[in-house]
Amino acid sequence: MKRIYAVATALVLMLAGSALAQPYQSMFPERNDFTDEAKKYLEGMDFKQGAIPLPGANATLNIPADFYYLDPKDTKTVIVDIWGNPADAAEGMLGMIFPAKYAPTETEAWGSLVEYSADGYISDLDAATTDYDDLLKTLKESVAESNIEREKQGFPTITLVGWASAPRYDQAAHALHWARDLIFGNEQPTSHTLNYSVRLLGREGVVQYNFVADLSQLEEIKAAIPSVIKLVQFDKGKTYEDYQQGDKLAAYGLAGIIAAGAGAKVAAKVGLLAVALAFLKKGGFLIVLLFGGVVRFFRGLFGKKSPDA
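For the structure given in this document, a descriptive report is provided here. (Residues numbered from 1 in each chain as written. Predicted model: local features only at pLDDT ≥ 70, side-chain atom pairs only at ≥ 80, totals over all residues. Heavy atoms only, no water.)

### Observations concerning the packing of aromatic side chains
All told, the structure shown has eleven aromatic pairs when counted by the stated rule. Seen from their ring centres, tryptophan 110 and phenylalanine 211 are 5.8 Å apart, and the 50 degrees between their planes marks the pair as tilted. A residue pair is termed long-range when its members are at least 10 positions apart, and tryptophan 110 in the loop between strand 5 (95-99) and strand 6 (111-117) and phenylalanine 211 in strand 10 (residues 206-214) qualify at 101 residues. An aromatic cluster of three or more residues is present, and its members are Tyr24, Phe28, Phe34, Phe47, Tyr68 and Phe98. Seen from the ring of tyrosine 41, lysine 40 lies directly overhead, with NZ or CZ sitting 4.9 Å from the centre. (Phe/Tyr/Trp six-rings, centres within 6.5 Å; stacked < 30°, edge-to-face > 60°. Helix = DSSP H or I, 4+ residues; strand = E, 2+ residues; numbered from the N terminus. Lys NZ or Arg CZ within 6 Å of the ring centre and 35° of its normal.)

Structure follows, in structure tokens:
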């Protein structure tokens, strides 16, 4: 009996420190309004909370009760099958996080794509000196110029209205976050899209959050940012403070992070041309990836709403 108890206790302790997957019925116990189409997707998903290792990122996501995590397979289901994006849009994703009050099939749901870039240690020395208003002006010019090529390829134009939330760097957490107000296309009435980004710096790279939401949800997301930043825990020896002389250095700073998706002109101005050229090798897909708006862009382009809409 003692042995059985000891084994059971060990299992409980082990599970407490790792991710727990649960079906949608357990994730949303009080919901009985899902359509049959929504259930078709939800039944194939594992909603995870707890410790989630991020392969290749030297980090762990610690998901509390007010969020849940979807693995890359389920993330692809959301991006491709539910939201109607091409399969390429899900490549390289480490997963998604959602507030626990939303199912991924709901129109009003917002979530964040999770990625990792192993470009090296990113210096934050330009945090206090970067003129973000000047950077915004340059980004607007780049977007306007890129629209010529977008229209040639049959894509809607993009208007960068401005900062929905100006860039802010949390020195203690080594976290940079900002939000852009975007308009896709020229149809009236215009619909504003929120592009909220968070970057968490580590010794060898950066964990990336790209939120998919409507502009009306800005305040809700801003309120969640302090909690979201704390979800990432870099492995021992891989934190930003663990940097040592001789480590690989990224070719850009904080301004470069913000301009990363803006195209070669802006990238060259902030010392990010090599990264921009790497994107350009993917062909026209760079145009779609502009400002990390790929998911929201295609969601509007194809006109496919989520099953619960």
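### As for the pairing of strand 9 (residues 192-201)
Among the ten residues in strand 9, nine count as buried, and that is most of the element. As paired elements, strand 8 (residues 175-184) and strand 9 share nine bridges and run antiparallel to each other. Opposite leucine 182, over in strand 9, you have threonine 193 as the bridge partner. In the sheet, strand 9 pairs with strand 10 via nine bridges, with the strands oriented antiparallel. (Buried < 20%, exposed > 50% of the residue type's maximum accessible area, 1.4 Å probe, protein only. Pairing = 2+ DSSP bridges.)

### Brief notes about the nonpolar core
By size, the foremost hydrophobic cluster in this structure holds 34 residues, and its most contacted members are Leu61, Ile97, Tyr196, Tyr209 and Phe211. Among the elements that take part in this core, helix 6 (residues 218-229) stands out by supplying six residues, more than any other. (Core = buried A, V, L, I, M, F, W, Y, C linked by side-chain atoms within 4.5 Å.)

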